[in-house]
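# Structural description and commentary
For reference, the chains in residue letters:
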Amino acid sequence: MHNQWNPEDAARFPGDLGQCVYASRLLGADPDLVLHGGGNTSVKIARSTIFGEPEALLYVKGSGSDLATVEAKDFAPVRLDHLRRLTTLETLSDSQWLNELRGSVADASAPPVSVEAMLHALLPAKYVFHTHSDAVLAMTNTPSGAERIRAIYGESVVIVPYVRPGFPVAKRCAAIFQAELSERTTGVVLLRHGLFSFGETAQAAYDQMISLVNQAEAYLASYPVPNAPVDEPDPQRALRQELADLRQAISTAAGAPMILSSHEDAQSLRFAQRPDLAVISQQGPATPDHVIRTKRVPMLGRDVAAFRAEYEAYFQEHQARASFALTMLDPAPRVILDPALGMVAVGRSAQEARISSDIYRHTMAIIEQATALESYQSESTAEVFDFEYWELEQAKLARLGRPPVFTGEIGLVTGAASGIGKACVESLLARGAAVVGLDINPAIEQLFNRPDFLGVRCDVTSEEQLIAALERTARAFGGLDMLILNAGIFPPSRRIENMPTAEWRRTMTINLDANLILMREAHVLLKRAPRGGRIAIIGSKNVPAPGPGAGAYSASKAALNQLARVVALEWGQDRIRVNSLHPNAVFDTGLWTEEVLQARAKNYGLTVEQYKTNNVLRVEVTSRDVAELAAEMCGPLFAKTTASQVPVDGGNERVI
Ligand code: ZN
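Residues numbered from 1 in each chain as written. Predicted model: local features only at pLDDT ≥ 70, side-chain atom pairs only at ≥ 80, totals over all residues. Heavy atoms only, no water.

### A look at the overall build of the protein chain
The condition that has to hold: Put simply, DSSP marks the helices as runs of H or I at least four residues long and the strands as runs of E at least two long, and each gets a number from the N terminus on. Under the scheme applied here, a residue whose accessible area is under 20% of the maximum for its type counts as buried, over 50% as exposed, and between as partly exposed, the area being computed with a 1.4 Å probe on protein chains only. Residues are treated as being in contact if the distance between any of their heavy atoms lies within 4.5 Å. Only the protein chains shown count as cover for residues, and all accessible areas are computed by the Shrake-Rupley method using a 1.4 Å probe.
Each helix and strand in the protein chain was counted, giving 23 helices and 18 strands. Taking all 656 residues of the protein chain together, 55% fall into the buried category. A fraction of 72% describes how many contacts in the protein chain between residues 6 or more apart in sequence connect residues 24 or more apart. Split by element, the accessible area of the protein chain, about 28500 Å² in all, is 52% carbon and sulfur.

### Details of the coordination of the zinc ion
Just so we agree on the cut-off: Water is not among the atoms examined, so metal sites may look incomplete; donors are the N, O and S atoms within 2.8 Å of the metal, or within 3.2 Å for Na, K and Ca.
Protein coordination at the zinc ion: the donors are Glu116 (OE), His130 (NE2), His132 (NE2) and His193 (NE2), at 2.1 to 2.2 Å from the metal. Between consecutive donors of the zinc ion, the numbers of intervening residues give the motif E-x13-H-x1-H-x60-H. Pair noted here: histidine 132 is in the loop between strand S4 (127-131) and helix H6 (134-140) and histidine 193 is in the loop between strand S6 (187-190) and strand S7 (194-199), with a separation of 61 residues, a long-range link. The two residues histidine 132 and histidine 193 agree in class, both being buried.

### Considerations on a nonpolar patch on the surface
Inclusion rule: Each patch groups residues whose relative accessible area exceeds 30% and which form no salt bridge, using 9 Å between like charges and 5 Å between nonpolar side chains of Val, Leu, Ile, Met, Phe, Trp and Tyr. Salt bridge, as applied in this entry: a Lys or Arg side-chain nitrogen positioned within 4 Å of an Asp or Glu carboxyl oxygen.
A surface patch of nonpolar side chains, amounting to about 410 Å² of accessible area, comprises Val616, Leu617, Val619 and Ile656. Along the chain, isoleucine 656 falls in the segment after strand S18 (645-648). The exposure class assigned to isoleucine 656 is exposed, which follows from its relative accessible area of 75%.

### Looking at the sheet that holds strand S2 (residues 54-61)
Our working rule: The rule for pairing is simple: two strands pair if DSSP sees at least two bridges between them. A fitted line through C-alpha atoms represents every axis, and for helices the fit uses only the stretch in contact; the resulting angles, taken between N-to-C directions, go from 0 to 180 degrees.
Spatially, 7 strands are ordered S3-S2-S1-S4-S7-S6-S5 in an open sheet, and the strand pairing comes out mixed. Across the chains shown, the open sheet's two edge strands, defined by having one partner strand only, are strand S3 (75-79) and strand S5 (157-160). Averaged over all adjacent pairs, the angle separating strand axes in this sheet is 20°, with direction ignored. Pairing geometry for strand S1 (residues 40-48) and S4, over 4 bridges, is antiparallel. Following the sheet pairing, asparagine 40 is matched in S4 by histidine 130. The sheet strands contacting helix H2 (residues 15-28) are S1, S2, S3 and S4, and the helix crosses S1 at an angle near 180°.

### A few points about the packing of helix H18 (residues 463-477) against helix H19 (residues 501-526)
For clarity, the threshold we go by: If an angle is under 35 degrees, it is roughly parallel; if it is over 145, roughly antiparallel; if it lies from 65 to 115, roughly perpendicular; otherwise it is oblique. It is the rotation of the near helix from the far one that decides the hand of a crossing: anticlockwise by less than a right angle makes it left-handed, clockwise makes it right-handed. Here the nonpolar group is Ala, Val, Leu, Ile, Met, Phe, Trp, Tyr, Cys and Pro; Asp, Glu, Lys and Arg are the charged ones; every other residue, Gly included, is treated as polar.
Interaxial distance between H18 and H19 falls to 10 Å at its minimum, and their mutual angle equals 30°. One way to sum up the angle between H18 and H19 is to call them roughly parallel. For the element pair H18 and H19, the recorded crossing hand is right-handed. Contacts between H18 and H19 involve Glu463, Leu466, Ile467 and Leu470 on the former and, on the latter, Ala514, Ile517, Leu518, Arg520, Glu521, Ala522 and Leu525. Its residues assigned to classes, the contact of H18 with H19 shows 8 nonpolar, no polar and 3 charged.

### Things to note about the pattern of salt bridges
All told, the structure shown has 29 salt bridges when counted by the stated rule. A salt bridge links glutamate 374 to arginine 148; its shortest N-O distance comes to 3.0 Å. Taken together, the residues glutamate 374 in the loop between helix H14 (350-373) and helix H15 (381-388) and arginine 148 in helix H7 (residues 145-153) connect sequence positions 226 residues apart.

### What about the nonpolar core?
Note the threshold: What is meant by a nonpolar core is a set of buried Ala, Val, Leu, Ile, Met, Phe, Trp, Tyr and Cys residues, joined one to another through side-chain atoms within 4.5 Å. All the domain ranges listed were derived from an automatic or database domain assignment.
In this structure, Trp5, Phe129, Tyr153, Phe271, Leu337 and Tyr360 are the most contacted members of the largest nonpolar core, which totals 55 residues. Taken domain by domain, the makeup of this core includes at least three residues from each of domain 1 (7-220) and domain 2 (240-399). Dropping the residues within four chain positions of it, phenylalanine 271 is found in contact with Leu277, Ile280, Leu337, Tyr360, Met364, Ile367 and Glu368. With 39 residues, the next largest nonpolar core counts Cys458, Leu526, Ala564 and Val578 among its residues.

### Brief notes about the side chain of serine 24
Within the secondary structure, serine 24 sits in helix H2. According to the relative accessible area criterion, serine 24 is buried, its value standing at 0%. Once you skip the residues sitting within four places of it in the chain, serine 24 turns out to touch Thr41, Leu67, Ala68, Val70 and Phe75.

### Concerning helix H17 (residues 419-430)
Condition: Expected span of a helix: the number of residues minus one, times 1.5 Å.
Counted at 1.5 Å a residue, the expected span for H17 with its 12 residues is 16 Å, and the 17 Å between its end C-alpha atoms agrees. Counting buried positions along H17 yields 9 of 12 residues, so the element is predominantly enclosed. What H17 keeps buried is the set Gly419, Ile420, Gly421, Ala423, Cys424, Val425, Ser427, Leu428 and Leu429. In this structure, the buried residues of H17 make contact with strand S12 (410-414), strand S13 (434-439), strand S14 (453-457), strand S15 (482-485), strand S16 (534-538) and helix H23 (623-633). The first or second residue beyond H17 is glycine 432, which carries a positive phi of 90°.

### Side note on the packing of H7 against helix H9 (residues 202-220)
At a minimum axis distance of 10 Å, the contact between H7 and H9 shows a crossing angle of 110°. By the criterion of interaxial angle, the relationship of H7 to H9 is roughly perpendicular. Contacts between H7 and H9 involve Arg148, Ile152 and Tyr153 from the former and Leu212, Val213, Gln215, Ala216 and Tyr219 from the latter. Across the contact of H7 with H9, the residue classes break down as 6 nonpolar, 1 polar and 1 charged.

### Digging into the environment of glutamine 19
For glutamine 19, the position within the fold is in helix H2. As for glutamine 19 and alanine 72, which are separated by 53 residues in sequence, their C-alpha atoms are 9.8 Å apart. Filtering out sequence-adjacent residues up to four positions away, glutamine 19 remains in contact with Trp5, Ala10, Phe13, Pro14, Tyr127 and Ala202.

### With respect to unusual backbone geometry
Of note in the backbone geometry, arginine 575 takes a positive phi value of approximately 60° without being a glycine. Mapping arginine 575 onto the fold places it in the loop between helix H20 (551-571) and strand S17 (577-583). With relative accessibility at 44%, the residue arginine 575 sits in the partly exposed group.

### Quick look at the confidence of the model for the protein chain
Where we set the bar: pLDDT is a residue-level measure of predictor confidence that goes from 0 to 100.
The predicted model of the protein chain has a mean per-residue pLDDT of 88, with 88% of residues at 70 or higher. Contacts of residues 296-304 to residues separated by more than four positions or lying in other chains number 26 contacts, the stretch itself having pLDDT below 50. Note that pLDDT drops below 50 for residues 317-329; the model gives that stretch 20 contacts with residues more than four away or on any other chain.

### Describing the packing of aromatic side chains
For any pair of aromatic rings, the description consists of the separation of the ring centres together with the inter-plane angle of the planes. Going by this rule: Side-chain rings of Phe, Tyr and Trp (the six-membered ring for Trp) are treated as a pair once their centres are within 6.5 Å; stacked means planes under 30 degrees apart, edge-to-face means over 60, and tilted covers the remaining angles.
What the rule picks out here adds up to 11 aromatic pairs. With a centroid separation of 5.8 Å and 45° between ring planes, the pair formed by tryptophan 5 and tyrosine 206 is classed as tilted. One end of the pair, tryptophan 5, is in the segment before helix H1 (7-11); the other, tyrosine 206, is in helix H9, and 201 residues separate them in sequence. Residue classification places tyrosine 206 among the buried residues on the basis of a relative accessible area of 1%. Ring pairs connect the aromatic residues Trp5, Phe13, Tyr22 and Tyr206, which therefore count as one cluster.

### Examining the sheet that holds S14
Strand order across the open sheet formed by 7 strands is S14-S13-S12-S15-S16-S17-S18, with parallel pairing between neighbours. Unpaired on one side and paired on the other, S14 and S18 mark the two borders of the sheet. On average, each strand axis in the sheet is inclined to that of its neighbour by 15°, with strand direction left out of account. Note: S13 against S14, 5 bridges, orientation parallel. In the sheet register, leucine 438 faces S14, and the bridge partner there is valine 456. Against the sheet, H17 engages S12, S13, S14, S15 and S16, with an angle of about 170° to S12. Its contacts with the sheet put H20 on S16, S17 and S18, and the angle it makes with S17 is roughly 160°.

So this is what it looks like as C-alpha cells:
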C-alpha cells in the first residue's frame, strides 16, 4: 500500500479540519482500507463557547458520508469532555447512549454522529483515523488473531478484544486505554473490526495508518491464497428465468421487490466453488459494518419448485429468529453463493446491490486470506443478528424515510437514447427503478453513468439481440417488472400507390414485429415480477386518427395496438397489465429540428408556436409529458387498469 500524501495537495486544505478532510479522502480512496461509508476520522479543536469559555470539540466524521468524498460540513463537532465523561457511568442503554451522543453535538445542523465517535474521544492524540483494513481483518478474524498482531507489532499497538459496538465497547476501551496506552503506542487494533492510528498532525496519523497496514500486508505475503482452478460455466447459457425465480422468492421473503446482480468473475466462482464454502461463508461478516448473510444453494436446475421450497425454508427460519425486530430490516439475504452462478448480490436498490457486492468481494478476499493463514473465525450468527436489529441501526434506517414508488423494480425502455425513450428512462429512474435502455445508437451505453442504469446497444430487428438484452437485464438486476415499448420509425410521407414493399416491411419489422418478439421473450420475466408485470406501449394519435401519407406507420401502430389488446386478454391471469398511450405532435425529439419545424409551420400558414400548440387545449406536448404518463401507467394509479388507451396530445378534434 503506497503512501499517497502529497504536500502540495495537502496545502490546499487549510486549518486543522481541512487537514483532516484531506487525509480522510486519501484513506477513503483505497477500498482495501474503507468501503462505502465505512471508517471514520476526527480532529480535536479548541474553541471558545458563546460565553467566552474555553471548550474542546471533537470534529468526527458523521454518518451518511463517504471518506473518499468527505467535506468539512460532514464532520460533527462533539463536546469532548461530555463524551469522555460518559465512560465513567456504570451502564447506558442503547437509546440513552444515542441520546447522549446526539445531545453533545455543538452544531444543530451537523450530521448524526457515528457510534464510533467515543473511541476517537478516548484517544488523546489530536488526529485519530479509523479504517477496516482488509489485511488487519484477515489476520484478526482467525482464532489466534491476537497473537499474530503481537508478533507483527510487538507492544507498539494496543489490542481491544471484539465487543459489540456501542457503550460496552466504549467502556472497555476506556479501561484498556487507561491501562495500556503509552508513549510507544503507534496504533490500536480492534479484533475482528479494524484499527486506529493517531498523531499530532494529520500527516503523522496518516503515515502511521499506512505503515501499520503495510506491516500487516508484509506478514500476509508469506501466506498466499492458493489459486484453485475454476470450473468455468458456459457464458452462453441462459440464466434469466432462474434469476427471475430467485428474485421472486427473495422479494417475497423481503416483502418488497429486490434487485439482484450476478457476478461470474473468477474470484466469485472460485470462492463459491470452494469445498469448504458452507463452513467458511456462514461465519458472519468480516466486520460488524458488513451485515451480509450468505446461503449456498445447489446448482440451479429446472426444478423450480424444489429450489423455491429450499429458499422458503431458509427465509422462514430467519424470519422466525428475527420476528422480534421491526420490519424495516427485511430478512432477505444480501449475498447468495452458488457454484454455478458465482456471487449474486442483493439490495433494495441497484446501489444497495452494488454495495453488497463490493463489500462481499472484500469479505471473500478476507475469508480466503484468513483461511490460508489459519482459519476464518468471525462473531457468531447470534451476534450478527444482535447487531442487525440493534436500535442504532434502526434509527439510521428510519431517517431514510419512505422509498420512491418503483424502488427495487426494473424497467426496460426501447429506443432509449433520445426523445420520448430517454424521457421514459428518466421518469422511471426518478421513481426509484433500475432501468435498462435499449437503442441502436451506441451512445446509449454512456447515456447515464449510475449503478441503476444499464445502456445496451441493440438492433430491435434482431431477435438474437433482443434475447441477449433480456439476458443482460436479468444478470444486471435480477428480472423485469416494467417494459416500455417506444422504439419505432416514421418513414417519409408517401401515398400507398407509391409505397415500396421494402419500406412497408421495414416499418412493420421495427414498429410491430420487434415488439411482438420482445413481449414474447419478456413474458417469463414479467410473470415473475413481484408486484405483477406492466407494459406501456407508446402508440400514436394515428391509431384512432390516421393521416394520409402515413400508411405504413399508421398500420403498424394500429396492429401493435390490437396486439396489446390481445396481450391484455391473455396475460391478465399472469398479473401482467398492458396499457397504451397515444401521443401526437411531440416536437422536442431529435427528428424535429428548428428548420423542419419552421418549414412545417409555414406549410399550414402558422407560426412555430401556433404549430406546436395546434390542439384543443393549445398546449405544447413534450417528451416528458409522454414519459410521465407511461411511468404512471406502470404505477399504482393504473393498478387495476389494463388494455386502456389514453391520448396525450392536448386534445385532438379528430380523436375526440
Ligand atoms: Zn469501524
